[in-house]
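# Understanding the architecture of this molecule
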Amino acid sequence: MSNNNEQQCCSQFKTTIGGQALMEGIMMRGPEKDAVAVRTNGEIKVEITPRKVRSKKSILTWPLIRGPVNFFDSQVVGVKALMRSADLAPEDEQEIPSKFDMWLEKKLGNERFQKVLINISVFLGLGLSIVLFFLLPMVIGSFFDQWIHNTLLLNLVEGVVRMIIFMIYMLLVSRMKEMKRVFAYHGAEHKTIRCYEAGLELTVENIRTQTRLHPRCGTSFLLVVMVISILLFSVASTLLLALIPSLAAMKGGVLYRIIMIVFKLLLLPLVVAVTYEINRWAGRHDNRFTKILTAPGMWLQNFTTNEPDDEMIEVAIAAVEAVIPEEAGADRW
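We now turn to the structure provided with this report. Since the structure is predicted, the reported quantities are computational estimates derived from the model, not experimental observations.

Counting residues in hydrophobic clusters, the biggest one holds 27 residues, and the most contacted among them are Ile-17, Ile-26, Met-28 and Leu-202. Among the secondary structure elements, those contributing two or more residues to this core are β2 (25–29), β3 (33–40), α6 (177–197), α7 (204–208) and α13 (310–323). Top element by residues in this core is α13. It accounts for 10 residues. If we skip the residues at most four places from it in the chain, Ile-17 touches Met-28, Arg-29, Gly-30, Pro-31, Ile-193, Tyr-196, Val-323, Ile-324 and Asp-331. Judged by nonpolar contacts, the second largest core, of 21 residues, contains Phe-133, Phe-166, Val-271 and Leu-300.

Across the sheet, which stays open at both edges, the four strands sit in the order β1-β2-β3-β4 with antiparallel pairing between neighbours. Edge positions in the sheet fall to β1 (18–22) and β4 (43–50), since each of these pairs with one other strand and no more. Strand after strand, the sheet turns through a mean of 15° between neighbouring axes, direction not considered. For β2 and β3, the ladder comprises five bridges, and the chain directions are antiparallel. Bridge pairing in β3 links Met-28 to Ala-35.

Take the side chain of Thr-219 next. In this fold, Thr-219 is placed in helix α8 (residues 218–243). Among the polar contacts listed, one links the side chain of Thr-219 to the side chain of Thr-304, at a separation of 3.4 Å. The contact partners of Thr-219, leaving out residues within four places of it in the chain, are His-186, Leu-300, Gln-301 and Thr-304.

Moving on: the environment of Val-77. Relative to the helices and strands, Val-77 resides in helix α2 (residues 66–88). Ignoring anything within four residues of it in the chain, the contact list for Val-77 reads Met-27, Arg-29 and Asp-34.

Let's shift gears to α2. Two residues of an α-helix separated by three or four positions point the same way, owing to the 3.6 residues in each turn. In this model, α2 (23 residues) spans 32 Å end to end at C-alpha, consistent with the 33 Å of a helix rising 1.5 Å per residue. Restricting attention to buried positions, one finds in α2 the residues Arg-66, Gly-67, Val-77, Gly-78, Val-79, Ala-81, Met-83, Ser-85 and Leu-88.

Quick look at unusual backbone geometry now. One non-glycine residue with positive phi stands out, namely Glu-24, at about 55°. Mapping Glu-24 onto the fold places it in the loop between β1 and β2. Non-glycine residue Leu-64 carries a positive phi angle of around 75°. Take Leu-64: its relative accessible area is 45%, and that puts it in the partly exposed class.

Attention now goes to the packing of aromatic side chains. One pass over the structure, following the stated rule, counts seven aromatic pairs. Ring geometry for Phe-71 against Phe-221: centres 6.0 Å apart, planes inclined by 25°, an arrangement best described as stacked. Here the residue Phe-71 occupies a position in helix α2, and Phe-221 occupies one in helix α8, the gap between them amounting to 150 residues. Summarising the aromatic geometry, the rings of Trp-299 and Phe-303 are spaced 5.2 Å apart at their centres and angled 75° between planes, so their arrangement reads as edge-to-face. With Trp-299 and Phe-303 both in helix α12 (residues 288–304) and four residues apart, this pair spans about one turn of that helix.

Another aspect to go through is the side chain of Thr-151. Structurally, Thr-151 is set in helix α5 (residues 151–174). Judged by relative accessible area, which is 16%, Thr-151 ranks as buried. Leaving out residues up to four positions away in the same chain, Thr-151 has contacts with Ser-234, Ser-237, Thr-238, Leu-241 and Lys-251.

With that settled, consider the packing of α2 against helix α11 (residues 268–284). Between α2 and α11, whose axes approach to 7 Å, the crossing angle comes to 95°. Overall, the two elements α2 and α11 adopt an arrangement that is roughly perpendicular. Contacts between α2 and α11 involve Arg-66, Gly-67, Pro-68, Asn-70 and Phe-71 from the first element and Pro-269, Val-272, Ala-273, Tyr-276, Glu-277 and Arg-280 from the second.

Tallied over the full model, the rule gives 17 salt bridges. Across the pair Glu-24 and Arg-181 runs a salt bridge, and its minimum N-O distance is 2.7 Å. Of this pair, Glu-24 sits in the loop between β1 and β2 while Arg-181 sits in helix α6, placing them 157 residues apart in sequence. Among the residues examined, Arg-181 registers a relative accessible area of 40% and is labelled partly exposed. Close ionic contact of Arg-216 with Glu-197 constitutes a salt bridge, the shortest N to O distance being 2.2 Å. Of the two residues, Arg-216 sits in the loop between α7 and α8 while Glu-197 sits in helix α6, which places them 19 residues apart along the sequence. A single network of salt bridges, built from pairs that share partners, joins Lys-191, Arg-208, Arg-212, Glu-307 and Asp-310.

Rules used throughout
The numbering scheme is per chain: residues are counted from 1 as the chain's sequence reads. It should be noted that, the model being predicted, local features are given only for residues of pLDDT at least 70 and side-chain atom pairs only at 80 or more, the latter also being counted only at that level, while totals for whole chains, interfaces and linings use all residues. Computation of side-chain values covers all heavy atoms of the structure but excludes hydrogens and water. In this text, buried Ala, Val, Leu, Ile, Met, Phe, Trp, Tyr and Cys residues form a nonpolar core when linked through side-chain atoms within 4.5 Å. The rule is simple: take the accessible area with a 1.4 Å probe, protein chains only, and divide by the maximum for that residue type; under 20% is buried, over 50% is exposed, in between is partly exposed. Strands here are runs of E lasting at least two residues and helices are runs of H or I lasting at least four, both read from the DSSP assignment and numbered beginning at the N terminus. It only takes one pair of heavy atoms within 4.5 Å for two residues to be counted as in contact. A strand pair is defined by DSSP finding two or more bridges across the two strands. Lines fitted to C-alpha atoms define the axes, with helix axes restricted to the stretch in contact, and inter-axis angles between N-to-C directions lie between 0 and 180 degrees. Any pair of N or O atoms that falls within 3.5 Å is considered a polar contact. Within protein, one atom must be able to donate a hydrogen and the other to accept it, and sequence-neighbouring residues count only if both atoms are side-chain atoms. What a helix is expected to span follows from its residue count: subtract one and scale by 1.5 Å. Side-chain rings of Phe, Tyr and Trp (the six-membered ring for Trp) are treated as a pair once their centres are within 6.5 Å; stacked means planes under 30 degrees apart, edge-to-face means over 60, and tilted covers the remaining angles. What sets the label is the angle itself: under 35 degrees gives roughly parallel, over 145 gives roughly antiparallel, 65 to 115 gives roughly perpendicular, and the rest give oblique. Whenever Lys or Arg places a side-chain nitrogen within 4 Å of a carboxyl oxygen from Asp or Glu, that contact is recorded as a salt bridge.

Everything listed here is a matter of geometry and, on its own, says nothing about what the molecule does.
As structure tokens, this is what we get:
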């Protein structure tokens, strides 16, 4: 690490560096570079990719716009990193491609084939999340409009259903044998970031003592999305019914339910935008209110992170060190 980086680590701060767990590795994103670090055959392979830095004057950096943009970008980068980690994984752990995959690669070429796979993976991933955590709770919640006529209460019921589905999903995933190591790498990612933010040298010994919970985790983000959706859906639904009285008269009907479900789905980018701004603000402040705000997400990380072993921590160190900027403080949150 350069002298500038060593000086940067001398004081406690909050960094924008973050990432995700991969297959036998970790992806880290810094302000200037992305890095994929994977342990394969006893060695750590690190691949670094420069990031396209957006101008501060760009409309994509404006509040409420940057949230959905950054969220979608992180999904694409995350899928690319997962696919790359699968390529770098030890040979005995790699899956044999199917005949369909080989046919697609032959027809499209390797580069176009990779792009198609990434697009399909992002589409399916987002689609499954929307169906499971939003569309399904909306459909279930809509049947309560026969007994519940208060819009706020109806959206609260829908939100409770959403939270129950989300918690069951997380609980089931956390019990999967294949995910235990991924969650351990997730823990290594958090512990290493914690060590870096504390201004300590990035060593296995220092990182081992850190907590595996972090307030700016993607798991926490998803949980806040659930809560914000209840508030926004309630306010927006109330306004819609006030502006269109004829719609209120249709309550209880199939068409009314379909209209409200579509309306709420169209609000999802706004939910992500508001959640992003709240997480961004909470990440920059450390007080009693922000601790209360991030507490549920921190608790949920007990299911999505495990304690890593020393080899996993070494991978996390390699990933973090690869993306620390040369200019001291350039990654300050």
